[in-house]
Amino acid sequence: MILVGTDFHIGMRNSDETFMRKQLDYLDILLDQMKQRNIKTFLHLGDLFDNRKLMNIRTQSIFMDRFFGPLHDAGIELITLIGNHDIYYRNTNAVHSIALLAKQYDNIRIIEEPTELELASKQFMLLPWICKENYDTCIDAIKRCGVDILCGHLEVNGALMTKGIYCEHGLSPSLFKHIPEVWSGHFHIPSMTANIEYIGNPFDMTWADYNTPKGCFFFDGTERIRVENPYRMFALMQYDDTTTIDAKSHQDQIVRVECELGSIKDQAKLNQALTDLQAHAYKVELIDTTQHIASISIEDQAAELQDTRSRISSIIDAMELDDSLQKDEIKARILSLYDIALEQQSA
């Protein structure tokens, strides 16, 4: 039996402390269950780290103490594909962040080229991120392979990138039609495109992840045992005068409270509920659904528009762009144009 997961994005959101704590709490669950089940192999499908250019030394140290070190001490091999967030250059996988980690631990195996392995009594083909340099080699390996399961960090045309947004570029699904099962990382929401399964990542990163399944799974060659992540980052609630909020249950969450402010009779109760939430939550957003977009303050208006901004960011993050283009710069420019459009619309 093996554990399978993908897209941990360690150091996400500029190594935000709250997001990091929730990651580590779930990884504690995985470590405990791996030890209980005597698991000796953890297969990760790419994007172990988030920032492809910079490595936060403190973040790496924390995850070495809390996750990578305990994996090594338990005798668990980490087999990880290279993902697009792991590589420094876009046209080659030669320089990547996982190599630095592997120098510290001898239980880490990095998949840098198409590799066949037997895992859980099944024959696997493991592919690294497909870039310009290895494109021909990887495509040839896909066409020739006769394995039970192919795993990659794939960009497939027609696949679900985020809620309501589908990939309009990438590999054709027909390229994989001869393979019984295909598992992929890269896109974070679980979905199927032909016989290609995006298994989904285990952590909330943006509002696009709200109310979608999050976790990893054990695989024995036949069945899966799902390990859901109970530490969710985003919470949405509808509020009226009859609503009672358990603020403590939203510890360190980003909480969005939607209500028709014009119909609220007990304003003091609402104010107290928001105060209680703010004492526990990471962030509280109040949305006036009466006006749909307009809210009681500029800050609340920004909260209502966060979904659209998150989706813009998610789409850009999922794209593979030319070397001369920096994602952060493109994201900043597009979001700036989006803000200008909103200002003109409301003028």
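As a reminder, the structure under discussion sits directly above these lines.
Scope of this entry: the structure provided in the associated data block. Values in this document were obtained by computation on a predicted structure and should not be read as measured data.

Basis of the calculations
- Per chain, residue numbering runs from 1 following the sequence as it is written.
- With pLDDT at 70 or above as the cut-off, local features in this predicted model cover only qualifying residues; side-chain atom pairs require 80 or more to be listed or tallied, and sums for whole chains, interfaces and linings still use all residues.
- Computation of side-chain values covers all heavy atoms of the structure but excludes hydrogens and water.
- Accessibility here uses a 1.4 Å probe with only protein chains present; expressed as a share of the type maximum, an area under 20% marks a residue as buried, one over 50% as exposed, and anything in between as partly exposed.
- Numbering of helices and strands runs from the N terminus; a helix is a DSSP stretch of H or I covering at least four residues, while a strand is a stretch of E covering at least two.
- A pair of strands counts as paired when DSSP detects no fewer than two bridges linking them.
- Working convention: axes come from line fits to C-alpha atoms, limited for helices to the stretch in contact. Angles between N-to-C directions cover 0 to 180 degrees.
- Of the grid points, spaced at 1 Å and generated over the protein atoms alone, those admitting a 1.4 Å probe that cannot get out make up cavities, while open sets with protein on both sides within 12 Å along at least five of seven lines make up pockets; any residue with an atom within 4 Å of a point is treated as lining.
- Grid points are joined across faces, edges and corners, and a volume is the space filled by probe spheres set on the points.
- Polar here means any residue other than Ala, Val, Leu, Ile, Met, Phe, Trp, Tyr, Cys and Pro, which are nonpolar, and Asp, Glu, Lys and Arg, which are charged; Gly is therefore polar.
- Side-chain atoms within 4.5 Å are what join buried Ala, Val, Leu, Ile, Met, Phe, Trp, Tyr and Cys residues into a set we call a nonpolar core.
- Should any heavy atoms of two residues lie within 4.5 Å, those residues are counted as being in contact.
- Residues with no salt bridge and a relative accessible area higher than 30% make up the patches, which join like charges within 9 Å and nonpolar side chains (Val, Leu, Ile, Met, Phe, Trp, Tyr) within 5 Å.
- Residue burial considers only the protein chains on display, and all accessible areas are found by Shrake-Rupley using a 1.4 Å probe.
- Definition used for salt bridges: Asp or Glu carboxyl oxygen within 4 Å of a side-chain nitrogen of Lys or Arg.
- For Phe, Tyr and Trp, rings pair up if their centres lie within 6.5 Å, where Trp contributes its six-membered ring, and each pair is then called stacked (planes under 30 degrees apart), edge-to-face (over 60) or tilted (otherwise).
- The criterion is that NZ of a Lys, or CZ of an Arg, lies within 6 Å of the ring centre and within 35 degrees of the ring normal, and then a charge sits over that ring.
- Here, expected helix span is obtained from the residue count minus one, scaled by 1.5 Å.
- Pairs of N or O atoms are called polar contacts if they sit within 3.5 Å, as long as, within protein, a hydrogen donor faces a hydrogen acceptor (for residues adjacent in sequence, only side-chain-to-side-chain pairs).

**Structural notes on the pairing of strand S16 (residues 254–259)**
Next up, step 1: Among the six residues that make up S16, six are buried, leaving the element largely enclosed by the rest of the structure.
Next up, step 2: Alternating positions in S16 separate into two faces, Ile-254, Arg-256 and Glu-258 on one and Val-255, Val-257 and Cys-259 on the other, with burial throughout.
Next up, step 3: Two elements, S16 and strand S17 (residues 283–288), share six bridges in a ladder whose sense is parallel. Bridge pairing in S17 links Cys-259 to Asp-288.

**Quick notes on the sheet that holds strand S7 (residues 149–152)**
Next up, step 1: Taken together, the six strands give an open sheet; going across it, the order is S5-S6-S7-S10-S12-S11, and neighbouring strands pair in mixed fashion. Bordering the open sheet on either side are strand S5 (115–119) and strand S11 (191–193), each of which pairs with just one other strand. Across the sheet, the axes of successive neighbouring strands diverge by a mean angle of 25°, strand direction being ignored.
Next up, step 2: Note that S11 and strand S12 (residues 196–198) share three bridges and pair antiparallel. By the bridge assignment for S12, Met-192 is matched with Glu-197.

**Observations concerning empty space enclosed by the protein**
Next up, step 1: Applying the stated criterion across every chain yields a total of one cavity of 30 Å³ or more.
Next up, step 2: Considered as a void within the structure, the largest cavity measures approximately 60 Å³ in volume.
Next up, step 3: Around the largest cavity, the lining residues are Phe-19, Lys-22, Gln-23, Phe-203, Asp-204, Asn-229, Tyr-231 and Met-233.
Next up, step 4: The residue makeup of the lining of the largest cavity, split by class, is four nonpolar, two polar and two charged.

**Considerations on the nonpolar core**
Next up, step 1: Among the nonpolar cores identified, the biggest contains 42 residues, and Phe-8, Leu-30, Met-34, Phe-42, Leu-48 and Phe-68 are the most heavily contacted of them.
Next up, step 2: For this core, the elements supplying multiple residues, two or more each, are helix H2 (17–36), helix H3 (57–73), helix H4 (98–102), strand S4 (108–111) and strand S13 (215–219).
Next up, step 3: At eight residues, H2 tops the list of elements feeding residues into this core.
Next up, step 4: Those residues within four positions of Phe-8 in sequence are excluded, and the remaining contacts are Gln-23, Leu-27, Leu-30, Phe-42, His-44, Asp-47, Leu-48, Phe-67, Pro-202, Phe-203 and Cys-216.
Next up, step 5: Core analysis: the next-biggest nonpolar cluster, separate from the first, contains 23 residues, Leu-127, Leu-154, Met-161 and Tyr-198 among them.

**Looking at a nonpolar patch on the surface**
Next up, step 1: Judged by side-chain polarity, Tyr-88, Tyr-89 and Val-95 come together as a nonpolar surface patch covering roughly 270 Å² of accessible area.
Next up, step 2: Assessed through its relative accessible area of 40%, Val-95 is described here as partly exposed.

**Quick notes on the packing of aromatic side chains**
Next up, step 1: What the rule picks out here adds up to 16 aromatic pairs.
Next up, step 2: Ring centres of Phe-67 and Phe-68 lie 5.4 Å apart, and the angle between their planes is 65°; on these two criteria the pair is classed as edge-to-face.
Next up, step 3: Taken together, the ring pairs in this structure connect Phe-8, Tyr-26, Phe-42, Phe-49, Phe-67, Phe-68 and Phe-203 into an aromatic cluster.
Next up, step 4: The aromatic ring of Phe-217 is capped on one face by Arg-224, whose charged end is 4.4 Å from the ring centroid.
Next up, step 5: The cationic tip of Arg-256 hangs over the ring face of Trp-207; the distance from NZ or CZ to the ring centre is 4.2 Å.

**A word on H2**
Turn by turn, an α-helix covers 3.6 residues, leaving residues three or four places apart pointing in a common direction.
Next up, step 1: With 20 residues, H2 extends 29 Å from end C-alpha to end C-alpha; this agrees with the ideal 28 Å at 1.5 Å per step.
Next up, step 2: For H2, every residue scored as buried is listed here: Thr-18, Phe-19, Met-20, Lys-22, Gln-23, Leu-24, Tyr-26, Leu-27, Leu-30, Leu-31 and Met-34.
Next up, step 3: Two or three places before Thr-18, at the opening of H2, Asp-16 has a side-chain oxygen 2.9 Å from that residue's backbone nitrogen.
Next up, step 4: Phi turns positive, to about 55°, at Asn-38, one or two residues after H2.

**Remarks on the pattern of salt bridges**
Next up, step 1: By the definition in use, this model includes ten salt bridges.
Next up, step 2: Here Arg-66 makes a salt bridge to Asp-28, at a shortest N to O gap of 2.8 Å. With a gap of 38 residues between them, Arg-66 in helix H3 and Asp-28 in helix H2 connect regions that are remote in the sequence.
Next up, step 3: Using a relative accessible area of 32% as the deciding quantity, one classes Arg-66 as partly exposed.
Next up, step 4: Accessibility expressed as a relative area gives 35% for Asp-28, which makes it partly exposed.

**Digging into unusual backbone geometry**
Next up, step 1: Not every positive phi belongs to a glycine, and Asn-38 is a case in point at roughly 55°.
Next up, step 2: With relative accessibility at 54%, the residue Asn-38 sits in the exposed group.
Next up, step 3: The residue Asp-47 is not glycine, and still its phi comes out positive at about 60°.
Next up, step 4: Inspection of the secondary structure assignment puts Asp-47 in the loop between strand S2 (41–44) and H3.

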